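Residue-level listing of the chains:
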Amino acid sequence: MRVPDVLAGLDPEQRAVASALSGPVCVIAGAGTGKTRAITHRIAHGVHTGAFDPRRTLAVTFTTRAAGEMRGRLRSLGAEGVQARTFHSAALRQARYFWPQITGADLPEISSSKLPIVGSAASRCRVPTDRTVLRDLASEIEWAKVSNVLPESYVTAAEAAHREVGNVDPESVAKVYAAYEDLKTDRNVLDMEDILLAAVGLLSGHPGVAQQVRSQYHHFVVDEYQDVSPVQQKLLDLWMGERTDVCVVGDPAQTIYSFAGAQPDYLIGFPQRFPGATVVRLFRDYRSTPEVVGVANSVLRAAREAHQGVVLEAQRPAGPKPAFVEHSDELAEAAWVAGQIAKLVANGTPQREIAVLFRVNAQSEAYEQALADAGVAYTVRGAERFFDRGEVRQAAMLLRAAVRTADGAPDAPDAAAATSAILSTAGWSPTPPAGGGAARERWESLAALVSLAEEVVAAKPGAGLADVVDELEARAAAQHAPTADGVTLSSLHSAKGLEWDAVFVVGCHEGTLPLSYAETPAQIEEERRLLYVGVTRAREHLSVSWSLARQPGGRGNRRPSRFLDGVRPGGGARSDHRPERGAGRGRKSGAPARCRVCGAPLVDAVDRKLGRCGSCPSSMDEALFERLRAWRLERSQEQKVPAYVVFTDATLVAIAESTPVNETQLSAIPGVGRTKLERYGADVLELCREVVEE
């Protein structure tokens, strides 16, 4: 059998990584430099030359999807048999094997979510239990556990690390943490961090266990090493024992998870820990144009830790010049971004190849509304893992039950329609809810599952509901979340590891990037790295923008982010772009929108669209509203787009309240811009006239 030449096609630095088969190896890999290619070819080269036994080689990374991608690449390189796992899955496999041998009992059940137990613990400690606080508490408990911080030492550790949890004081957090641990013991369940701690306990407390593991694995590769936590490093040390055959790869410039326990010191200090280690720096960027790479390098140039990363060198041809644009307020910024995206889509850029990235999730609302007004579909990427969401678990249960009982919507023409029918019982509808928030997130999850079913049918005509369930379970195992087609709206944290043809990094002003509570030098530098991560997601088109005020008419006293000093040419462009007439900007410049009923200023995006406070009485013609909804559904199905792309519910309500009879009146309604007036105006006015004549 001919052995493939896995070194062919590698650049000099990647080849150096792939050829370094013995001793400790440290790879500092800049964004887009092909780190996964380098380390998978290294493993394959070691297997083909006999230096590595695939059965005794363990590659670990941080996401199930990344591990699956690594396994796929190794198979294509003829290096099957190598274990490629996440830290958690490797630890869980060992814990399940050794726990019964040591304790005489099976490993306790793994809790699917911290939130219910954290909620009970918080109630016991009389701490507020709204969902936002519970999520913050769950994240803080996770940080403490992966940082080897016990409840009794939490307060001291939190103060040293400048940790804050909303309005909950450190002493209360410590009490909730202790109660959480007690409740898990009472219920005989473990959480995800306990899996790592259990493996560490088994290996450190039982020499026989450690000996068996070390006899199984002789060679180690660790991806995204800048994100390793103290407990993960401890586990790696226990796996290795006295061995030094380890290759770590990471980028100090992409360390953005210190809040979750990541410590880049392990990567930065690797050469000191292993004197004589082979150190290779990957700097050739194959992802982005020279223009984008230039911005990325400039962002890091002033960083305190710039010397620890790499200066990227672009390998792609030249592309469009990045845009740096200042706006008068956040709504103007969102409208400008939506307009630019509409132009990109019209010129052939697929919607799924465009992303809007922001620092905090709360910034998403303005862009959701602006994209809907511009007729552009979008999807919001959350930090919560897709298959861990309650509505996704419920939907999967409903679909599996339908397969088992052969009750898969028998009147449906195909599996996609059957899926839609079944998920309608969980809240799915062809039309998304108005506005954002939890209802919108739930709808998007279900919409992604319907989209997945449509993909299955498209790939396999005649596919049944069982095929949809099989694909869903395969994706859940690989954490390969389906997505509805559309522009991605994402926080900078959630965007790490992804890339798009066009990226809009928005809200780049002081107080948001960096956040106002980033006070220490270390916190400020992590905020800078977030901007670097956002910039390096772009392959070709890059836009960086900020606004001088939050609301129209507000004081324009914001400053562009300090991270743009020396980056934006000439101080950046200035745009006073406003949504076109009919998108809520017809009033005098600087005059805030006011309720047409009570005259109060309108702050909420939906209220501004309606032209009145949500609590003020509506004059909506219900018959017209229902006709408009039915018409919108027909048009969305004809165009194969979500219904909200035609008009949002709020716009339909505004139309049904004002009942316009000519184009001038219709175009004055928020959400009816020039494009939509040309596309849908005649239909809407005809429906309005019919109701008036009746």
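See the structure shown above.
Starting afresh in each chain, residues are numbered from 1 along the sequence in its written order. Residue-level local features of this predicted model are given only where pLDDT is at least 70; pairs of side-chain atoms are given and counted only at 80 or more, and the full residue set underlies all totals for whole chains, interfaces and linings. Water and hydrogen atoms play no part in the side-chain values, which are based on all heavy atoms of the structure.

Here we come to the overall build of the protein chain. Per the convention used, a helix needs a DSSP run of H or I reaching at least four residues, while a strand needs a run of E reaching at least two, with both numbered from the N terminus. When its secondary structure is counted, the protein chain shows 28 helices and 17 strands. To sort residues, take the accessible area from a 1.4 Å probe on protein chains only and compare it with the maximum for the residue type: under 20% means buried, over 50% means exposed, and anything in between is partly exposed. For the protein chain, with 694 residues in total, the buried portion stands at 52%.

Turning next to helix α22 (residues 521–535). Turn by turn, an α-helix covers 3.6 residues, leaving residues three or four places apart pointing in a common direction. Look at α22: 21 Å from first C-alpha to last across 15 residues, which is about the 21 Å you get at 1.5 Å a residue. Of all the residues in α22, the buried ones are Ile-524, Glu-525, Glu-526, Glu-527, Arg-528, Arg-529, Leu-530, Leu-531, Tyr-532, Val-533, Gly-534 and Val-535. Elements in contact with the buried residues of α22: α14 (290–301), β12 (354–358), α21 (492–495), β15 (500–505) and β16 (538–547). A helix is expected to reach a length of 1.5 Å times the quantity of its residues less one. The contact criterion used is simple: two residues touch if any of their non-hydrogen atoms lie within 4.5 Å.

This part covers helix α9 (residues 192–205). A rise of 1.5 Å per residue sets the reference length of α9, with its 14 residues, at 20 Å; its end C-alpha atoms lie 20 Å apart and thus fit the reference within 8%. Those residues of α9 not exposed but buried are Glu-193, Asp-194, Ile-195, Leu-196, Ala-198, Ala-199, Val-200, Leu-202 and Leu-203. Two N or O atoms count as a polar contact when they lie within 3.5 Å, although within protein this holds only if one can serve as hydrogen donor and the other as acceptor, and sequence-adjacent residues are included solely when both atoms are side-chain atoms. At the N-terminal end of α9, a side-chain oxygen is found 3.1 Å from the backbone nitrogen of Glu-193, two or three residues along, and the residue is Asp-191.

Aromatic rings from Phe, Tyr and Trp, with only the six-membered ring used for Trp, were paired whenever their centres fell within 6.5 Å, and each pair was classed as stacked if the ring planes differed by under 30 degrees, edge-to-face if by over 60, and tilted otherwise. Applying the stated criterion across every chain, the model contains 11 aromatic pairs. Measuring from centroid to centroid gives 6.4 Å for Tyr-225 and Phe-270, while their planes differ by 90°, and the two rings are edge-to-face. Within this pair, whereas Tyr-225 is found in the loop between β6 (219–222) and α11 (230–240), its partner Phe-270 is found in helix α13 (residues 270–273), the two being separated by 45 residues in sequence. The same class applies to Tyr-225 as to Phe-270, namely buried. Ring plane angle 85° and centroid distance 5.7 Å describe the contact between Trp-631 and Tyr-680, whose orientation is recorded as edge-to-face. You can see Trp-631 sitting in helix α24 (residues 622–639) and its partner Tyr-680 sitting in helix α28 (residues 674–693), a full 49 residues away along the chain. Since its relative accessible area comes to 9%, Trp-631 is described here as buried. An aromatic cluster is built from Phe-62, Phe-87 and Trp-239, whose rings are joined through pairwise contacts.

When the charged atoms of two side chains lie near each other, side chains of opposite charge can form a pair. One speaks of a salt bridge when a side-chain nitrogen belonging to Lys or Arg is within 4 Å of a carboxyl oxygen belonging to Asp or Glu. Within the structure shown, the criterion is met by 29 salt bridges. In this structure, Arg-558 and Glu-330 form a salt bridge, with 2.8 Å as the shortest nitrogen-oxygen distance. A residue pair is termed long-range when its members are at least 10 positions apart, and Arg-558 in the loop between β16 and β17 (573–575) and Glu-330 in helix α15 (residues 330–346) qualify at 228 residues. By relative accessible area, Glu-330 is classed as partly exposed at 25%. Close ionic contact of Arg-359 with Glu-527 constitutes a salt bridge, the shortest N to O distance being 2.8 Å. Taken as a pair, Arg-359 in the loop between β12 and α16 (364–373) and Glu-527 in helix α22 lie far apart in primary sequence, 168 residues in all. Through salt bridges with shared partners, one network takes in Lys-35, Asp-223, Glu-224, Asp-227 and Lys-496.

Here strand β3 (residues 83–86) shows one buried face, formed by Ala-84 and Thr-86, and one open face, formed by Gln-83 and Arg-85. The crossover handedness rule: strands pointing away from the viewer, path from first strand over the helix to second strand clockwise, crossover right-handed. In this fold, the crossover linking strand β2 (residues 57–61) to β3 by way of helix α3 (residues 64–76) has right-handed handedness.

Turning to the sheet that holds strand β8 (residues 278–282), a few remarks are in order. The six strands are arranged β3-β2-β6-β7-β1-β8 in an open sheet whose pairing can be described as parallel. A strand with exactly one partner marks an edge of an open sheet, and here the two such strands are β3 and β8. The average angle at which neighbouring strand axes cross in this sheet is 15°, direction not considered. Only when DSSP finds a minimum of two bridges between them are two strands counted as paired. In the sheet, β2 pairs with β6 via four bridges, with the strands oriented parallel. Bridged to Val-60 within β6 is Val-222. In this analysis an axis means a line fitted to C-alpha atoms, helices contributing only their contacting stretch, and an angle means the value between N-to-C directions, from 0 to 180 degrees.

By the element assignment, Gln-233 lies in helix α11. Between the C-alpha atom of Gln-233 and that of Phe-87, which follows or precedes it by 146 residues, the distance is 9.9 Å. Once residues within four sequence positions are removed from consideration, Gln-233 is found in contact with Tyr-225, Val-228, Tyr-266 and Arg-273.

Another point: the side chain of Glu-527. Given the relative accessible area of 6%, Glu-527 is considered buried. If near-sequence neighbours (up to four positions away) are discounted, Glu-527 is found in contact with Arg-359, Thr-512, Leu-513, Pro-514, Leu-515, Ala-518 and Phe-563.

A pair of packed helices can be characterised by two numbers: the angle between their axes and the separation between those axes. The interhelical angle for the contact between helix α4 (residues 87–103) and α9, taken along N-to-C directions, is 55°, at an axis separation of 8 Å. By the angle class used here, α4 and α9 are oblique. In this structure, the crossing between α4 and α9 has a hand that is left-handed. Contact with α4, carried on its side by Phe-87, His-88, Ala-91, Leu-92, Gln-94, Ala-95, Phe-98, Trp-99 and Ile-102, involves Met-192, Glu-193, Ile-195, Leu-196, Ala-198, Ala-199, Leu-202 and Leu-203 of α9 and no other residues of that element. Each angle is binned into one of four classes, with values under 35 degrees roughly parallel, values over 145 roughly antiparallel, values of 65 to 115 roughly perpendicular, and all other values oblique. Crossing handedness is read from the near helix: turned anticlockwise from the far helix by less than a right angle, it gives a left-handed crossing, and turned clockwise, a right-handed one.

For the rest of this paragraph, the subject is unusual backbone geometry. Trans is the common state for peptide bonds, and a negative phi is the common state for residues other than glycine. With an omega of 10°, the peptide bond between Leu-513 and Pro-514 qualifies as cis. The topology assignment puts Pro-514 in the loop between β15 and α22. Despite not being glycine, Arg-126 shows a phi value in the positive range, around 60°. Along the chain, Arg-126 turns up in the loop between α5 (115–124) and α6 (131–146). Residue Asn-148 is not a glycine yet carries a positive backbone phi of 60°. The topology assignment puts Asn-148 in the loop between α6 and α7 (154–160). For Asn-148, a relative accessible area of 47% puts it in the partly exposed group.

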